[in-house]
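Listed here are the chains, written in short residue letters.
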Amino acid sequence: MRLGALFLAASVALAPVSSAPAQATAYSDQPPILLGASWYPEQWPESQWEPDLALMEAAHIHLVRIGEFAWSTMEPSEGHYEFGWLDRAIALAAKHHICVVLGTPTAGPPAWLTTKYPDTLRVDENGRRDEHGNRQQFSFASTRYRKFAHAIAEQMAARYGHNPNVVGWQLDNEYAADSFDPEAKSQFHAWLQKKYGTIANLNHHWATAYWSQTYDNFDEIPVRSKEENPALLLEWKRFVSDTWKSYSENQIDAIRPHADKRQFITTNTMGWFDGFDEYVVHSVLDIAAWDDYISTDHYDAADNGARHDLTRGFKQKNFWVMETEPAFVNWRPTNTPLEKGQVRDMAWQAIGHGSDAVEYWQWRSAPNGQEEYHGVLLGIDGKPVPVYDEVKQVGAEFEKAGPALAGTSPHSSVAIIQSYDSRWAIDFQRHSAAFDPVKELVSFYRPLRDQTQAVDILSPDASLDSYKLVVAPALNVLPQSMADRLIAYVKAGGHLVLGPRSGMKDEYNALNPQRQPGPLADLLGAKVSQFYALDEAVPVGGDPGNGTANIWAETLAPTLETFAPGPDAPRVLLTYGPSNGWLDNQPAAITRTVGKGSITYIGAWLDQPLLDSLTTQFVHDAGVQPILPGVPDGVEVCQRTGSGKTILILINHTTSNQRVKLPHAMTDLLQSGTVSSVDLPKYGVAVLQN
Ligand code: GLA
Ligand code: GLA
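Parameters and conventions
Residues numbered from 1 in each chain as written. Chains lettered and ligands numbered in written order. Predicted model: local features only at pLDDT ≥ 70, side-chain atom pairs only at ≥ 80, totals over all residues. Heavy atoms only, no water. Near = heavy atom within 4 Å. Polar contact = N/O pair within 3.5 Å; in protein donor to acceptor, adjacent residues only side chain to side chain. Areas by Shrake-Rupley, 256 points an atom, 1.4 Å probe, with all protein chains shown as cover. Nonpolar A, V, L, I, M, F, W, Y, C, P; charged D, E, K, R; others polar. Core = buried A, V, L, I, M, F, W, Y, C linked by side-chain atoms within 4.5 Å. Buried < 20%, exposed > 50% of the residue type's maximum accessible area, 1.4 Å probe, protein only. Helix = DSSP H or I, 4+ residues; strand = E, 2+ residues; numbered from the N terminus. Contact = heavy atoms within 4.5 Å. Axes fitted to C-alpha atoms, helices over the stretch in contact; angles between N-to-C directions. Left-handed = near helix turned anticlockwise from the far one by under 90°. Salt bridge = Lys/Arg side-chain N within 4 Å of Asp/Glu carboxyl O. Expected span 1.5 Å × (residues − 1). Phe/Tyr/Trp six-rings, centres within 6.5 Å; stacked < 30°, edge-to-face > 60°. Lys NZ or Arg CZ within 6 Å of the ring centre and 35° of its normal. Pairing = 2+ DSSP bridges. Parallel < 35°, antiparallel > 145°, perpendicular 65-115°, else oblique. 1 Å grid on protein atoms, 1.4 Å probe; cavity = no way out; pocket = protein on both sides within 12 Å on 5 of 7 lines; lining within 4 Å. Points joined across faces, edges and corners; volume = space filled by probe spheres on them. Lys, Arg positive; Asp, Glu negative; His and termini not counted.

Caption draft 1: Structural view of the site of ligand 2. Ligand 2 sits among F69, R135, N173, E174, N268, D291, Y293, E323, W331, W361, E371 and H374. One of the side-chain nitrogen or oxygen atoms of E323 is found 2.4 Å away from an oxygen atom of ligand 2. Between ligand 2 and the protein, one listed contact pairs an oxygen atom with a side-chain N or O atom of H374 at 2.7 Å. Across the complex, the protein chains shield 96% of the 310 Å² of accessible surface that ligand 2 would expose by itself. Residues of the shell around ligand 2, tallied by class, amount to four nonpolar, three polar and five charged.

Caption draft 2: Examining the nonpolar core more closely. L102, I221 and W348 are the most contacted members of the largest nonpolar core, which totals 152 residues. The leading source of residues in this core is helix α9 (residues 230-255), at twelve residues. Setting aside anything within four residues of it in sequence, one finds I221 in contact with K185, F188, H189, L192, I199, L202, W206, Y215 and L232. If you look at the next biggest cluster of nonpolar residues, it comprises 28 residues, including I487, V490, L498 and I599.

Caption draft 3: Geometry of the packing of helix α2 (residues 49-58) against helix α4 (residues 84-95). Close contact between α2 and α4 brings their axes to 10 Å; oriented N to C, the two are set at 35°. For α2 against α4, the interelement crossing comes out right-handed. Judged by residue contacts, W49, E50 and L53 of α2 engage W85, R88, A89, L92, A93 and K95 from α4. For the contact of α2 with α4, the residue count by class is six nonpolar, no polar and three charged.

Caption draft 4: Here's a closer look at the pattern of salt bridges. One pass over the structure, following the stated rule, counts 31 salt bridges. Residue E50 is joined to K95 by a salt bridge in which the shortest nitrogen-to-oxygen separation is 3.1 Å. Taken as a pair, E50 in helix α2 and K95 in helix α4 lie far apart in primary sequence, 45 residues in all. Taking the relative accessible area as the measure of exposure, E50 reaches 29% and is therefore partly exposed. Its salt-bridge partner being R430, residue D427 comes within 2.8 Å of it at the nearest N-O pair. Residues joined in a network through salt bridges with shared partners are K195, E235, R238, D421 and E507.

Caption draft 5: Examining helix α16 (residues 480-491) more closely. Here α16 contains twelve residues, and its C-alpha end-to-end distance of 16 Å stays within 8% of the 16 Å for a straight helix at 1.5 Å per residue. Buried residues belonging to α16 abut β10 (414-417), β12 (469-472), β13 (495-498), α17 (521-524), β18 (587-594) and β19 (597-602). Positive phi shows up at G493, right after α16, with a value of about 105°.

Caption draft 6: Expanded view of the packing of aromatic side chains. The final tally for this structure, using the stated rule, is 38 aromatic pairs. Measuring from centroid to centroid gives 6.1 Å for Y81 and F83, while their planes differ by 5°, and the two rings are stacked. With a relative accessible area of 4%, F83 lands in the buried category. An aromatic cluster is built from W71, F138, F140, Y145, Y175, W244, Y247, F273 and F276, whose rings are joined through pairwise contacts. Of note, R364 hangs over the ring of W44, and the distance from its end group to the ring centre comes to 3.9 Å. For R501, the ring lying beneath its charged end belongs to F435, and the centroid distance is 4.6 Å.

Caption draft 7: Expanded view of the sheet that holds strand β21 (residues 635-642). Spatially, the five strands line up as an open sheet ordered β21-β22-β25-β23-β24, and their pairing is antiparallel. Edge positions in the open sheet fall to β21 and β24 (674-680), since each of these has one partner strand only. Sheet twist, expressed as the average angle between the axes of neighbouring strands with direction ignored, equals 20°. As judged from the eight bridges shared by β21 and strand β22 (residues 645-652), these two strands associate in the antiparallel manner. Pairing of G642 across the sheet is with K645, part of β22. The sheet strands contacting helix α12 (residues 342-352) are β21, β22 and β25 (685-689), and the helix crosses β22 at an angle near 150°.

Caption draft 8: The arrangement of the sheet that holds strand β4 (residues 166-170) in detail. Pairing is parallel across the open sheet formed by nine strands, whose spatial order is β5-β4-β3-β2-β1-β9-β8-β7-β6. Lying at the two open borders of the sheet, with one neighbouring strand each, are β5 (264-266) and β6 (268-269). For strand β8 (residues 319-324) and strand β9 (residues 355-360), the ladder comprises three bridges, and the chain directions are parallel. Counterpart to T324 in the pairing with β9 is Y360. The strands touched by α4 within the sheet are β2 (63-66), β3 (99-103) and β4, with β3 carrying the most contacts at an inclination of about 150°.

Caption draft 9: Spotlight on the packing of α12 against helix α13 (residues 387-405). Contact geometry for α12 and α13: axes closest at 9 Å, N-to-C directions at 25°. Classed by the angle they form, the pair α12 and α13 counts as roughly parallel. Between α12 and α13 lies a crossing of right-handed hand. Residue-level inspection shows Q342, V343, R344, A347, W348 and I351 of α12 in contact with α13, the latter providing V387, E390, V391, Q393, V394, E397, F398, A401 and L405.

Caption draft 10: Spatial organisation of helix α15 (residues 437-452). In a regular helix each residue adds 1.5 Å, so 16 residues correspond to 22 Å; α15 covers 22 Å between its end C-alpha atoms and thus fits that length. In terms of burial, α15 is a largely internal element, 13 of the 16 residues being buried. For α15, the capping residue at the N-terminal end is D436, with a side-chain oxygen 2.8 Å from the backbone nitrogen of V438. Directly beyond the C-terminal end of α15, a positive phi value near 65° is found at Q453.

Caption draft 11: Region of interest: the environment of G275. Considering the arrangement of structural elements, one finds G275 in the loop between β6 and α10 (278-282). The spacing of G275 and A474 is 199 residues in sequence and 18 Å in space, taken between C-alpha atoms. Not counting the four nearest positions on each side in its chain, G275 is found in contact with K237 and V240.

Caption draft 12: Geometry of the side chain of T208. Within the secondary structure, T208 is located in the loop between α8 (199-206) and α9. Residue T208 is classed as buried on the basis of its relative accessible area, which comes to 1%.

Caption draft 13: Representation of empty space enclosed by the protein within the structure. Inspection of every chain in the model, using the stated rule, returns five cavities of 30 Å³ or more. Roughly 90 Å³ of internal volume is contained in the largest cavity. I417, Q418, S419, S422, R423, P437, E440, L441, P473, A474 and L475 are the residues that line the largest cavity. Sorting the residues of the lining of the largest cavity by element identifies α14 (420-428) and α15 as the ones contributing at least two each. In terms of residue count, α15 provides more of the lining of the largest cavity than any other element does, three residues in total.

Caption draft 14: The environment of R159, seen in detail. Relative to the assigned elements, R159 resides in helix α6 (residues 143-160). Judged by its relative accessible area of 44%, R159 is partly exposed. Once the C-alpha coordinates of R159 and Q608 are considered, the two residues, 449 residues apart in sequence, prove to be 54 Å apart.

Caption draft 15: Inspection of the side chain of E75 at higher detail. Residue position: E75 is located in the loop between α3 (71-74) and α4. Of the side chains with opposite charge, K116 comes closest to the buried, unpaired E75, at an N-O distance of 9.8 Å. With sequence-adjacent residues up to four places away left out, E75 is seen in contact with H80, Y81, P110, W112 and I152.

None of this, on its own, says anything about what the molecule does.
See the structure below:
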């Protein structure tokens, strides 16, 4: 831990056990922490199923996800259903103590469907209709497609909704591709009409006098996802979010009446993917689940941990990893493998961040198809590949530690606000090409996670009451209603930190009438006087330390006339050094104490060491303690509590041995026995109970 020294004097008692909601799923007859794989029985002769399932069982795999691409096998011709094979596959899995998540197969419509009803095919932004042969070729807005989706989902639910071996449902697969077909367009118009009421109201909020964009009626409005009025672009994204939500509801309505309550309904999401607002779609799902593929050439544990925390925030409870890579994928320019040991490291990181299941994609190489090179656990010959043994070890460990982890979840007193509206608004008009809002969020997440060892990533609508420190890295879209909640949070003693570009836009992606941070400027007692894109580092410094601003710099001006000088006056934290003249000696960050709380605005994208020093100060001022102080750099600490238990998961992401001293003796759940320190080899993991 980079800033470990600061916390050595802090209390060494572990954080108290909380009674907040715990596991995503809990089945009395299934292991509490499930290891699984994606299995495609429809691709294989039935004679292969039994040996495959036996090898799964031997690896302690207790879960398969099946069916999500099997529509042409389930419904080989219109209205003619074939479920005998699926009955037998589920029953055979049960025989091997393997439960099932059923995927509705709607990400891959059969050829007969799209051939007979070409209007169900999606249309891209350039007006080109898709064709059969790949996947995701349907229009998410098509009424006809939804009828077929409803029918197949209902058939499946009527058959498996009470099957004791089916634990849940995955809707479709990785929602992603919106469609610009005529039906979607007219739905967008109706959606806008419902929201704005009159075209005059829309013209007003979109300021359409600009470039003579004024609309006479809703039907004139184009559908575009780029190079348009930023108000239109933002509303298109919101329409897409609502359309995926109703796409989900269509299938939920088909499944829920037939399904036992214990069967969850989810879909598999994709980390930072921002094609729609995940909070909107998750409002109708039971649990969150995601597909954890590393987003860089090599495993970046902090970024991966942030994506777990993001996913946990979709429902603010434990989640599932519905897919993850058995060492490598097939879709990067160079598909380098995870190193030996990192597959296990990643599996335990998922559990540490609140996942209750880890499933590998995929079980066995498909005989053909677009993904022949993808990582697997079994080769085409039905024999294990080298990573099988590492996964088997993970399975054995999940079995061992599972009972202790049952009913536990992570808890944090630090939250980062993640706003899709703000990410979209910045991405539509980055102004500085390098200003990636996700990278900016992660630059705050890294030190906060290191310093506190528990961070929640939340929707702007989430309650902030239980958090000591709330960080909004670039809360660009800040409507008055959200500002009111943030003001109440600070006045109640909360510590709020805003990053650059916060408070610039209103709900309609129009400029807030007051300069940044708009409706929070009065509380801050300061506002942004100008923003500047940077292509070289600018010196910046103050009490928290010295460093550089990069990519983005805003000058701040205290609005001192509103406040008498004194302890409540805004205080300059950082000042720019000499550069382009505009920035020289101007405030870069300002903070103001508000009763027991505070509001801070950071106007620049700071280099990582300087931001780390700043967050050290914020964490300290907010009275947040790390879970386990004094841990070596590169060792991640995760804590799950609940049901009267406290479990620590320690992961050594480095390539050298690390020793971690514990505040008191703890039970080692993987090695057994009681320990007061642990030695973690390269990529080593320890799971400890208080
Ligand atoms: C051109 C256009 C203006 C404006 C400016 C912005 O000159 O004529 O309308 O868009 O670019 O730089
Ligand atoms: C996604 C999909 C899977 C598979 C994997 C490969 O997660 O959901 O069907 O294509 O990617 O990495």
